[in-house]
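Here is how the chains run, residue by residue.
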Amino acid sequence: MNPRIEEERLTAYLLGEVSEDERREIERALEQSAEVRDELAGLKAFVERLEQGLQAEAG
Amino acid sequence: MNENAADSRRQWILEAYQAHQNRLERYALSLLGDLEAAREVVQETFVQLCRTEREKIDASLAAWLFTVCRNKAFDVRRKERLVLEKRSQAPEPSTEFREPAEIVEQSQSADVVLGLLARLPEKQQEVVRLKFQAGLSYAEIASTTGNSLSNVGYLIHTAIKTMRSRFAQLEADEVRGGAR
């Protein structure tokens, strides 16, 4: 599978932007692969940092 | 319109204002770079809301407000095009030539992500702000910016990927600087 599409879907998954079928598929991949779990954790940490930065900017 | 209907309409506009005015202002500010101009654009957006039939937009109020706000902000920008063109021709701020101490200081502050965001192409900055500052869904962002849904997903993913990789680079530089 195209790795870019996979990463893009993981981003969409984190942001709650996938269909129910996709969600189940990604959650299976998360159960099976530590690599995918690590990727999601890194992504989540960065997104939280981004949200905090943007909220701080808004004051 | 009878009195009850007028009351309920006023209530609806007031609630829309309370729910969205702040987020719209931040968004307009990111497009215009000027707080006063941003506030004016948001006021005009709500004036337009007052003149619009609720039934036509109620289902997608946030997307409607952000779309109107965006169009008005771009009108202002068109009027000020010469000034803005000059600004956009200015070289991008670069971290290349900074003192290591300055980089460390920057990456320790909460502003580091804003610096990373500012280095992205404008379109990516816009969708990132609409997602993470305004809290819009991909579908609402698509409707606001005129991008396709899949393009919104691609732009947001690409923006995050680029910022993460530059952030990792900053951290690595910091470690190297600290070990010296």
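Residues numbered from 1 in each chain as written. Chains lettered and ligands numbered in written order. Predicted model: local features only at pLDDT ≥ 70, side-chain atom pairs only at ≥ 80, totals over all residues. Heavy atoms only, no water.

Trainee: Please explain the overall build of chain A as it appears in this structure.
Mentor: For chain A, the count of helices and strands is 3 helices and 0 strands. Surface summary for chain A: the accessible area is close to 3,800 Å², and the carbon and sulfur share equals 46%. (Helix = DSSP H or I, 4+ residues; strand = E, 2+ residues; numbered from the N terminus. Areas by Shrake-Rupley, 256 points an atom, 1.4 Å probe, with all protein chains shown as cover.)

Trainee: What's the story with the overall build of chain B in this structure? I'm lost.
Mentor: Along the backbone of chain B there are 10 helices and 0 strands. From first element to last, N terminus to C terminus, chain B shows the α and β order α-α-α-α-α-α-α-α-α-α. A burial count over chain B gives 41% of its 180 residues as buried. In chain B, the proportion of contacts linking residues at least 24 apart, taken out of those at least 6 apart, comes to 64%. Of the roughly 10,500 Å² that chain B leaves accessible, carbon and sulfur atoms contribute 50%. (Buried < 20%, exposed > 50% of the residue type's maximum accessible area, 1.4 Å probe, protein only. Contact = heavy atoms within 4.5 Å.)

Trainee: Would you mind going over the pattern of salt bridges with me for this structure?
Mentor: Where charged atoms from two side chains of opposite charge come close, those side chains can pair. Residues and elements named next belong to chain A. Enumeration according to the criterion identifies 17 salt bridges over all chains in this entry. A salt bridge links arginine 9 to glutamate 6; the shortest N-O distance between them is 3.1 Å. Of this pair, arginine 9 and glutamate 6 both sit in helix H1 (residues 3–14), 3 residues apart, which is roughly one turn of that helix. According to the relative accessible area criterion, arginine 9 is buried, its value standing at 14%. (Salt bridge = Lys/Arg side-chain N within 4 Å of Asp/Glu carboxyl O.)

Trainee: Could you clarify how one ought to interpret the environment of arginine 164 of chain B in this entry?
Mentor: With respect to the helices, strands and loops of the structure, arginine 164 of chain B is situated in helix H10 (residues 149–179). We classify arginine 164 of chain B as partly exposed; its relative accessible area is 22%. Spatially, the C-alpha atom of arginine 164 of chain B lies 24 Å from that of alanine 139 of chain B, the residues being 25 residues apart in sequence. When residues no more than four places from it in sequence are discounted, the contact partners of arginine 164 of chain B are Glu39, Gly42, Leu43 and Phe46 of chain A.

Trainee: I'm lost on the nonpolar core in this one. Help?
Mentor: Burial of nonpolar side chains together is a common tendency in soluble globular proteins. Within the largest apolar cluster, 59 residues are counted, with the highest numbers of intra-cluster contacts made by Phe46 and Leu50 of chain A together with Leu49, Val128, Phe132, Ile156 and Met163 of chain B. In contact with leucine 50 of chain A, other than residues within four places in its own chain, are Val113, Val128, Phe132 and Met163 of chain B. (Core = buried A, V, L, I, M, F, W, Y, C linked by side-chain atoms within 4.5 Å.)

Trainee: Honestly, the packing of aromatic side chains in this entry has me stumped. Any pointers?
Mentor: Here a ring pair, both rings aromatic, is described through the centre-centre distance and the interplanar angle of the planes. All names here are of chain B. Under the definition given, this model contains 3 aromatic pairs over all chains. Seen from their ring centres, tyrosine 27 and phenylalanine 66 are 5.5 Å apart, and the 55° between their planes marks the pair as tilted. Note that tyrosine 27 is positioned in helix H1 (residues 3–32) and phenylalanine 66 in helix H4 (residues 61–79), a separation of 39 residues in sequence. Here the two residues tyrosine 27 and phenylalanine 66 agree in accessibility, since each one is buried. (Phe/Tyr/Trp six-rings, centres within 6.5 Å; stacked < 30°, edge-to-face > 60°.)

Trainee: How should the packing of H4 of chain B against helix H9 (residues 138–145) of chain B be read in this particular structure?
Mentor: What describes two packed helices is the angle between their axes and the distance between those same axes. Residues and elements named next belong to chain B. In the contact formed by H4 and H9, the axes pass within 8 Å of each other and the chain directions differ by 30°. Of the two elements, H4 crosses H9, and the hand of that crossing is right-handed. Across the interface between the two elements, Ala62, Ala63, Phe66, Thr67 and Arg70 from H4 touch Glu140, Ser143, Thr144 and Thr145 from H9. Residues of the contact of H4 with H9, tallied by class, amount to 3 nonpolar, 4 polar and 2 charged. (Axes fitted to C-alpha atoms, helices over the stretch in contact; angles between N-to-C directions. Left-handed = near helix turned anticlockwise from the far one by under 90°. Nonpolar A, V, L, I, M, F, W, Y, C, P; charged D, E, K, R; others polar.)

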